[in-house]
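# Close look at the chain arrangement
Next come the chains, spelled out residue by residue.
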Amino acid sequence: AANIGIEIAARGRFGGKLLLLSPSLSRDDEEEDLQGLNDASHTPVIGTLLWLGINPTLKRGMRGRLPEDRYDELLAEMRRNPRSANRAQVVAFFDYLARHGGEVASRLATASRPTWVGRGDRDEVGLTDTERAILEAAPHVTLKTIPGATHFSTTDAPDQVAQLVVDLLAV
């Protein structure tokens, strides 16, 4: 979803402010599991079988990544998503990165309106030194750290994310 925000920022037609939470700016930033799902998705039969079996593996894969007090509730919500939609989203995400030369930090850097990139200080999705330098040099992009949060900052630190929204609106 953050990649939609990158496109909004890069196209320069939106007159508002943007907060992007933990965007992946290149394939290498993304978790190996998601890279593997994308690769397998392009293989007939294997990709279909893999996605058919994805829901049972979510419980193990999300353990420790979602707040324990809401774990069952959030996992149930994740399982409601159609596998075909999840597969299409993963494939489209990696295709998007490929269309832009494998990285989109330089695309985001063209933002002409205030754009904040919020990332948890324990985020599993990476940010390379090169990407950080590109974003730090961009006149309208500001990197923000969300203390105590992983990639799921909205569930890990909802109050801090809400405060980022308030702070951005005040700029």
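Residues numbered from 1 in each chain as written. Predicted model: local features only at pLDDT ≥ 70, side-chain atom pairs only at ≥ 80, totals over all residues. Heavy atoms only, no water.

## Structural notes on the packing of aromatic side chains
Throughout the structure, instances matching the rule amount to 1 aromatic pair. When the centroid spacing of 4.9 Å and the interplanar angle of 65° are considered together, the rings of F93 and F94 count as edge-to-face. For F93, a relative accessible area of 14% translates into the label buried. Given a relative accessible area of 6%, F94 falls into the buried group. Against the face of Y71 rests R63, its NZ or CZ located 3.9 Å from the ring centre. It is K144 that lies over the ring of W116; its NZ or CZ is 4.4 Å from the centre. (Phe/Tyr/Trp six-rings, centres within 6.5 Å; stacked < 30°, edge-to-face > 60°. Buried < 20%, exposed > 50% of the residue type's maximum accessible area, 1.4 Å probe, protein only. Lys NZ or Arg CZ within 6 Å of the ring centre and 35° of its normal.)

## Re the pattern of salt bridges
Scanning the entire structure with this criterion turns up 6 salt bridges. In this structure, the salt-bridge partner of E7 is R107, at a minimum N-O distance of 2.5 Å. Here R107 lies in helix 7 (residues 105–108) and E7 lies in helix 1 (residues 2–11), a separation of 100 residues in the sequence. Its salt-bridge partner being D39, residue R27 comes within 3.0 Å of it at the nearest N-O pair. With R27 in the loop between strand 1 (18–21) and helix 2 (32–41) and D39 in helix 2, this pair connects stretches of sequence that are 12 residues apart. It is possible to trace a salt-bridge network through shared partners that takes in E7, R11 and R107. (Salt bridge = Lys/Arg side-chain N within 4 Å of Asp/Glu carboxyl O. Helix = DSSP H or I, 4+ residues; strand = E, 2+ residues; numbered from the N terminus.)

## A short note on the environment of A109
Position of A109 relative to the elements: it lies in the loop between helix 7 and strand 2 (115–120). The exposure class assigned to A109 is buried, which follows from its relative accessible area of 18%. Between the alpha carbons of A109 and G36 there is a distance of 28 Å; along the sequence they are 73 residues apart.

## Section: the confidence of the model for the chain
Of all residues in the chain, 99% attain a pLDDT of 70 or more, and the chain-wide mean is 92. Mean pLDDT across the elements of the chain bottoms out in helix 4 (residues 54–62) (81) and peaks in strand 3 (residues 141–146) (98). (pLDDT = per-residue confidence, 0-100.)

## Brief notes about the layout of surface pockets
Space inside the largest pocket adds up to approximately 1500 Å³. Together, 37 residues line the largest pocket, and L34, Q89, V90, H151 and F152 are the ones closest to its centre. Secondary-structure elements contributing two or more residues to the lining of the largest pocket are helix 1, helix 2, helix 4, helix 5 (71–80), helix 6 (83–99) and helix 9 (153–156). Counting residues per element, the lining of the largest pocket draws most heavily on helix 6, which supplies 6 residues. Here the residues of the lining of the largest pocket are counted per class, giving 19 nonpolar, 12 polar and 6 charged. (1 Å grid on protein atoms, 1.4 Å probe; cavity = no way out; pocket = protein on both sides within 12 Å on 5 of 7 lines; lining within 4 Å. Points joined across faces, edges and corners; volume = space filled by probe spheres on them. Nonpolar A, V, L, I, M, F, W, Y, C, P; charged D, E, K, R; others polar.)

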